[in-house]
Amino acid sequence: MNKKLAAALSGGAVLVLALSGCSDDEGNKVDDWAKTFCDQAKPQIQKRADAHQIIISTAADSKPAEIQAADSKAFQDIANADRALAKAVESAGAPPVENGEKVQQDAIKELNATAVAYEGLKKQVDALDPTNQQKFADGLQGVADGLTRIEKMDQNALSKLEEGELGQAMAKQPGCQKPTASVPPKTSGSASPKPGSTSDASGQASDSAEPKASTKPSGKSTAAKTEE
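Residues numbered from 1 in each chain as written. Predicted model: local features only at pLDDT ≥ 70, side-chain atom pairs only at ≥ 80, totals over all residues. Heavy atoms only, no water.

## As for the overall build of the chain
For the chain, the count of helices and strands is six helices and zero strands. Listing the helices and strands of the chain from first to last along the sequence gives α-α-α-α-α-α. A burial count over the chain gives 50% of its 228 residues as buried. (Helix = DSSP H or I, 4+ residues; strand = E, 2+ residues; numbered from the N terminus. Buried < 20%, exposed > 50% of the residue type's maximum accessible area, 1.4 Å probe, protein only.)

Written out as structure tokens, the structure reads:
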């Protein structure tokens, strides 16, 4: 029943996942900025990865009430992480690159807007009636559609930070590397959806593509944007 949400996450943003494409020395100022930001961002990136895993782990044969609780918590966790990432960008200051102040302000604005959008999804999930399976499945489809739109916002949130020498400097920082979700995936014996649920999308997230320093979902890693 939760497969639509998991499918939306599988191709979406997860904010600052594995970054690659390092070049030679980018300069101390750029490296210092990247370290300042990535050190603060690391726990938030982990929080997002865990939230995405929660959604994916409830995508098999969980009960509606379990899906509702898991998704509600995951959306709030991602919203909190996005706000914390916005503060990390603000705390790090304007990056020492061309138009650095604008890059910083745009990232802060977009991260905060994404946080508000995820809280909207949480409210939408909380309003669903888990006792009516058909209506719950229909409502969950609407949540999945909303998630797809928000993921596009996530993909752009830190895209400018990941460009050029700044992105290359971030690639060298452990705090901006791809996290491993600390929430263990469920090993259900069946992934068949319950009656009335959606079943035309895979409940598993794909992460096999070679990561790049990009927030675009075309097989590249994301700075939400890794999605969560």
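And the narrative resumes.
## Concerning the packing of helix H2 (residues 28-57) against helix H3 (residues 64-92)
Where H2 meets H3, the axes come as close as 8 Å, and the angle between the chain directions of the two elements is 175°. It follows that H2 is roughly antiparallel to H3 by the angle criterion. Of the residues that constitute the contact of H2 with H3, the class distribution is 16 nonpolar, six polar and six charged. (Axes fitted to C-alpha atoms, helices over the stretch in contact; angles between N-to-C directions. Parallel < 35°, antiparallel > 145°, perpendicular 65-115°, else oblique. Nonpolar A, V, L, I, M, F, W, Y, C, P; charged D, E, K, R; others polar.)

## A few points about the layout of surface pockets
Size it by volume and the second largest pocket reaches roughly 250 Å³. If you list the elements that add at least two residues to the lining of the second largest pocket, you get helix H4 (100-126) and helix H5 (133-157). It is H4 that contributes the most residues to the lining of the second largest pocket, five residues altogether. (1 Å grid on protein atoms, 1.4 Å probe; cavity = no way out; pocket = protein on both sides within 12 Å on 5 of 7 lines; lining within 4 Å. Points joined across faces, edges and corners; volume = space filled by probe spheres on them.)

## Quick notes on helix H6 (residues 164-171)
Restricting attention to buried positions, one finds in H6 the residues Leu166, Gly167, Ala169, Met170 and Ala171. Where the residues of H6 are buried, they touch H2. (Contact = heavy atoms within 4.5 Å.)

## Brief notes about the environment of Ile56
Here Ile56 lies in helix H2. Accessibility expressed as a relative area gives 11% for Ile56, which makes it buried. Sequence separation between Ile56 and Asp71 is 15 residues; the distance between their C-alpha atoms is 9.5 Å.

## Some words on the state of the cysteines
In total, this model carries one disulfide according to the counting rule given. The disulfide that involves Cys38 links it to Cys176, with 2.0 Å between the sulfurs. Residues Cys38 and Cys176 are joined by a disulfide whose S-S torsion is about -95°; by sign, that bridge is left-handed. Taken as a pair, Cys38 in helix H2 and Cys176 in the segment after H6 lie far apart in primary sequence, 138 residues in all. The class for Cys38 is buried, based on a relative accessible area of 0%. (Disulfide = S-S within 2.5 Å.)

## Notes on H4
With 27 residues, H4 should cover 39 Å at 1.5 Å per step; its first-to-last C-alpha distance of 39 Å lies within 8% of that length. Of the residues making up H4, those classed as buried are Gly100, Val103, Gln104, Ala107, Ile108, Leu111, Thr114, Ala115, Ala117, Tyr118, Leu121 and Val125. Buried-residue contacts for H4 involve H3 and H5. (Expected span 1.5 Å × (residues − 1).)

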